[in-house]
Every structure is written in C-alpha cells, then in structure tokens.
Amino acid sequence: MGNLVCRSKKDIQSSSRSKSKRINNNNNNSNNRSSQRKFNITEEELHMQALSMALQQHSQRYDGGGGGSMSRRIGGSTSSRRRTLPDSVTVEDKKQDPNLLENIKCKKFVLVHGGGFGAWCWYKSISLLEESGLSATALDLTGSGINLIDTNKVTTLEEYSKPLLDYLENLQEDDKVILVGHSSGGACVSYALEKFPEKISKAIYICATMVLDGQKPFDVFAEELGSAEVFMKESPFLIHGNGKDEPPTGFMFEKLQMKGLYFNQSPAKDIALAMVSMRQIPLGPVMEKLSLSQEKYGTGRRFFIQTLDDHALSPDVQEKLVRENPPEGVFKIKGSDHCPFFSKPQSLHKILLEIAQIP
C-alpha cells in the first residue's frame, strides 16, 4: 500500500475552458506527484484495500484456508516529558524533517494489537511509518487476526504472546526494535520486556495495560467492567468455549458495545472494517498476574500515549497508570477514542516519530 494523499482542486474561472484546465492541471499534478512521491493512493483506496483483505481473511479463517500471520508490511530529563497534540494533523500539513532518519537510531517498529483486534488495525500506521522511510511490522497474536489457533485454547499470556516472542527471539544478535502495544496488548509488551529486554530499544504503550508486577491486565479495565470476580460470574459477554458447565474461555462485546467503548471517534469505514475483523478475547491471558523484575522489565525505556476521549480506558485511569508506574515520557492525543490508529492516525504517527528520535 502507499501513501495517504490529500489534493486540492484549483478554481475554474471560465466554464468554457474548464475541461482543458482540468486536463492540464491533472497532468501537472501527476508530474509533480511522481517526482515527490513513489506512490499515489488516496486514503479511501487504502481503506478499501484493507477492508478487502480483511474480508478475504475473515472467509479464510472460517473456511479453514490460509494461515500464518498478517505480519508483512502493508503496501535531556525525560521523566516529565509530556506532550498534547491537537485534534488532528492533516496529511497535507505533514512536512517531514529531512534529517529525520539520521535522528532515529532504531528504525524498526513492531506493532502489537489489543484484545480482539489483529494486525489489520494498524494499516494506517504502517503506511505512514513506511512513508517516512521506517520499517513497520504488525503481528497477529495467538488466536487473533488470521492466526488459525482456536481462541478458546489460549489460556496463558505466554501462549497468547508466542508470535511476538518468536519474532524477538529470531532477531539478529545486535538487532533491536521499537515495540508498540495497544490496549491489553500492553501486557504482551511488558511480558516481552521481561523476556527480551536486550532486543527492545523502546516500549510504547498506547492507552495500554502498563501494569505493575503482580497485577492482572484485566485490573486496568475494572472501572468500566467491574472486578474480575464479578465479571467472571455475571458478565453477559462471556464465552464458554468448552461447554456451559465449564469455566469461561473468552469474552466478546456486542457490536453496539464495541462501537461505544472503542470507536466513539473513529470513521465509519474503520468501524465497518473492525466489525468484520474482531475476534473474541481469550480470558486466560488478561486474568494472569504478570511477574516483572526490576533487573529486566525495570531496565526498559517505556513511553505512554494517553487518549483523551477514550470510553474503554478513561483518561483518569490512564493517568493513574502513569502515576503508579512512571514511564520515561507521557504524550496525549486530544479527541482520540480508544483506537487512535483509526481516529487520529497522523497525531499518533507524529508521537511515534518523536519518541523514536529521543536519544
């Protein structure tokens, strides 16, 4: 996939010459674009490709075809570092610093989705990162996206995180990545920091479960969903994959709840993409207490991105997370729901680049 391109139309002053002017302008614009950009694709075309791919994968998942991961690419003191970005940054306003790549030591991003999502949710971020000359890989966690493993069989955080752990383990000895985790995928990032601290240059949590040692990822969402004990007994969203008389294996919200919790500021087309792509969330991993050491996890460079119109993880809860487990830097996105890669992709992208440039 290519770039997100916004183009302006010149006013046509004479209707008798409008056709020829349009032809000339189109030719000139085409020449300019070819000299400035390698690709030319509108945001609408980009989204339609992602939606088409998601529909194909959705069909493959239930027909028994396909497999693997959608991990290919698509197409001073910092303790008080806090930034709040405006509601939006348009593509046409985005001017890249010519020295950007020279200022970024680690150019490889690995994107980890949240519960129920998959690699598909990062399609805008992947496009923007690659447009900036960086590498971006999105992974499907076990039982997510087009990973064909039955979600009901995923019972531990280690199992759930296996595609990420395998990826990090197979990196070259001196190779490092910037690890980005969204929502409950933050627990996978923390787990990876504990396992492979030497492989992770920076860890970025996007409205994510940046929990303390001994905490469960689910605890972060207790304000919205209630305590784990109450949720396990009373939630109407529980899934009993091994039979009604057996303990629940996962949960999945109804579409109406998902729209209200996750996508209250997201474009309708991205909500449509999510509705055909979301899968149930395995219960075991989010109910597991993390074991995090100061010697490994504690040495990692962590950053947190807060989303200020988030209905799934409120700004107050996010503020509590960074207060109790202070990261190196905190950034904020105004007007973003729980999914800034949909609702505020350019604002998210600017923050990712800024964090990548921090020495």
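Above this text you will find the structure in question.
These lines cover the structure that appears in this document, whether it is placed above or below. (Residues numbered from 1 in each chain as written. Predicted model: local features only at pLDDT ≥ 70, side-chain atom pairs only at ≥ 80, totals over all residues. Heavy atoms only, no water.)

1. A look at the packing of aromatic side chains
Under the counting rule described, the total for this entry stands at 15 aromatic pairs. Between the aromatic rings of F237 and F253, the centroid separation amounts to 5.0 Å while the plane-to-plane angle is 70 degrees, which identifies the pairing as edge-to-face. You can see F237 sitting in the loop between α9 (228-234) and β6 (238-239) and its partner F253 sitting in the loop between β7 (250-251) and α10 (255-262), a full 16 residues away along the chain. (Phe/Tyr/Trp six-rings, centres within 6.5 Å; stacked < 30°, edge-to-face > 60°. Helix = DSSP H or I, 4+ residues; strand = E, 2+ residues; numbered from the N terminus.)

2. Let's talk about helix α13 (residues 315-324)
Within the sequence span of α13, burial applies to V317, Q318, L321 and V322. Around the axis of α13, the buried residues are gathered within 135 degrees of arc, so they sit on the same side. Residues of α13 that are exposed and angled more than 90 degrees away from the buried face: D316 and R323. (Buried < 20%, exposed > 50% of the residue type's maximum accessible area, 1.4 Å probe, protein only. Arc of directions from axis to C-beta.)

3. A look at the sheet that holds β7
Judged by pairing direction, the sheet is antiparallel, and its 3 strands sit side by side in the order β6-β7-β8 without closing on themselves. A strand with exactly one partner marks an edge of an open sheet, and here the two such strands are β6 and β8 (281-282). The pairing of β6 with β7 spans 2 bridges and is antiparallel. Among the inter-strand pairings, I239 is bridged to a residue of β7, identified as G250. (Pairing = 2+ DSSP bridges.)

4. Side note on the pairing of strand β5 (residues 200-206)
Taken across its 7 residues, β5 has 7 buried, putting it largely inside the fold. Sheet topology note: the strand β4 (residues 177-182)/β5 ladder contains 6 bridges and is parallel. Bridge pairing links H182 to I206 in β5. Traced from β4 through helix α7 (residues 185-195) to β5, the parallel crossover comes out right-handed. Sheet topology places β5 next to strand β9 (residues 302-307); 4 bridges connect them, and they run parallel. Opposite I206, over in β9, you have I305 as the bridge partner. (Right-handed = clockwise from strand over helix to strand, strands pointing away.)

5. A word on the side chain of H182
Along the chain, H182 falls in strand β4. Of the residues examined, H182 reaches a relative accessible area of 0% and is grouped as buried. Among all residues touching H182, those that are not within four sequence positions of it are V112, H113, G114, F117, W122, I206, C207, A208, H338, C339 and F341. (Contact = heavy atoms within 4.5 Å.)

6. Let's talk about the nonpolar core
Grouped together as the largest cluster of nonpolar side chains are 93 residues, with contacts concentrated most on L164, Y262, F263 and I305. With residues near it in sequence (within four places) discarded, I305 still touches I204, Y205, I206, C207, Q318, F331, I333, L348, I351, L352 and I355. (Core = buried A, V, L, I, M, F, W, Y, C linked by side-chain atoms within 4.5 Å.)

7. Things to note about the packing of helix α6 (residues 162-169) against α7
A pair of packed helices is captured by two measures, namely the crossing angle of their axes and the spacing between those axes. Packing of α6 against α7 leaves a shortest axis separation of 10 Å and a crossing angle of 35 degrees. As α6 runs across α7, the sense of the crossing is right-handed. Here L164, L165 and L168 of α6 lie close against α7, whose contacting residues are C188, Y191, A192 and K195. In terms of residue class, the contact of α6 with α7 is made up of 6 nonpolar, no polar and 1 charged. (Axes fitted to C-alpha atoms, helices over the stretch in contact; angles between N-to-C directions. Left-handed = near helix turned anticlockwise from the far one by under 90°. Nonpolar A, V, L, I, M, F, W, Y, C, P; charged D, E, K, R; others polar.)

8. Considering the pairing of β9
The element β9 is largely enclosed, with a buried count of 6 among its 6 residues. Residues R302, F304 and Q306 of β9 are buried on one face, and the alternating residues F303, I305 and T307, pointing to the opposite face, are buried as well. Across 5 bridges, the pairing between β9 and strand β10 (residues 329-333) is parallel. Residue pairing for β10: Q306 is matched across the bridge by K332. Regarding the hand of the β-α-β motif, the stretch spanning β9, α13 and β10 is right-handed.

9. Here we look at the environment of I351
Structurally, the position occupied by I351 is in helix α15 (residues 345-357). Of the residues examined, I351 reaches a relative accessible area of 1% and is grouped as buried.

10. Observations concerning the pattern of salt bridges
Tallied over the entire structure, the rule returns 5 salt bridges. When the shortest N-O distance is used, the salt bridge between K162 and D166 registers 2.7 Å. Residue K162 and its partner D166 are located together in helix α6, separated by 4 residues, close to a single helical turn. On the basis of relative accessibility, which here comes to 46%, the residue K162 falls in the partly exposed class. What makes D166 partly exposed here is its relative accessible area of 28%. (Salt bridge = Lys/Arg side-chain N within 4 Å of Asp/Glu carboxyl O.)

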